[in-house]
Amino acid sequence: MDALGFFTVFWQLFNLSFIVLIVFLIVSFFRSNRKRAEQLERIEDKIDYLMTQLDGKTPLN
């Protein structure tokens with residue numbers, strides 16, 4: 001393999017890895033965003049539950 005062929009293969013692998021990296025970052029962003037939304041929903045539910053207990057509206061008191 002001559003130097004030009006090696007550089008071409010290297011350049012194609014570099015471009016392919018760059019595209020894979022971008023796809024990976026996009027997928028990671030959406031997964032992280034979804035997990036954060038689920039976590040915030042759970043925290044909100046816990047706060048609502050505690051607020052109703054503090055107001056004396058549940059039979060647990």
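Residues numbered from 1 in each chain as written. Predicted model: local features only at pLDDT ≥ 70, side-chain atom pairs only at ≥ 80, totals over all residues. Heavy atoms only, no water.

What about the overall build of the chain?
Link 1 in the chain: Scanning the chain for helices and strands turns up one helix and zero strands.
Link 2 in the chain: Over its C-alpha trace the chain gives a radius of gyration of 26 Å, far above what one expects of a compact globule, namely 10 Å for 61 residues.
Link 3 in the chain: Burial analysis of the chain (61 residues in total) assigns 2% to the buried set.
Link 4 in the chain: As presented, the chain carries roughly 5900 Å² of accessible surface, and 70% of it is formed by carbon and sulfur atoms.
Link 5 in the chain: Side chains of the chain carry 7 positive and 7 negative charges; the gap between the two charge centres is 4 Å. (Helix = DSSP H or I, 4+ residues; strand = E, 2+ residues; numbered from the N terminus. Rg over C-alpha atoms; globule rule 2.2 N^0.38 Å. Buried < 20%, exposed > 50% of the residue type's maximum accessible area, 1.4 Å probe, protein only. Areas by Shrake-Rupley, 256 points an atom, 1.4 Å probe, with all protein chains shown as cover. Lys, Arg positive; Asp, Glu negative; His and termini not counted. Charge placed at Lys NZ, Arg CZ, Asp CG, Glu CD.)

Considering a nonpolar patch on the surface
Link 1 in the chain: Where nonpolar side chains cluster on the molecular surface, the patch consists of Phe18, Ile19, Leu21, Ile22, Val23, Phe24, Leu25, Ile26, Val27, Phe29 and Phe30 and spans about 1100 Å² of accessible area.
Link 2 in the chain: Checked against the element boundaries, Phe30 lands in helix α1 (residues 3-54). (Patch = residues over 30% accessible without salt bridge, like charges linked within 9 Å, V, L, I, M, F, W, Y side chains within 5 Å. Salt bridge = Lys/Arg side-chain N within 4 Å of Asp/Glu carboxyl O.)

A look at the packing of aromatic side chains
Link 1 in the chain: In total, this model carries three aromatic pairs according to the counting rule given.
Link 2 in the chain: Geometrically, the ring pair formed by Phe29 and Phe30 is edge-to-face, given 5.5 Å between the ring centres and 70° between the ring planes. Phe30 shares its class with Phe29; the two are exposed.
Link 3 in the chain: Taken together, the ring pairs in this structure connect Phe7, Trp11 and Phe14 into an aromatic cluster. (Phe/Tyr/Trp six-rings, centres within 6.5 Å; stacked < 30°, edge-to-face > 60°.)

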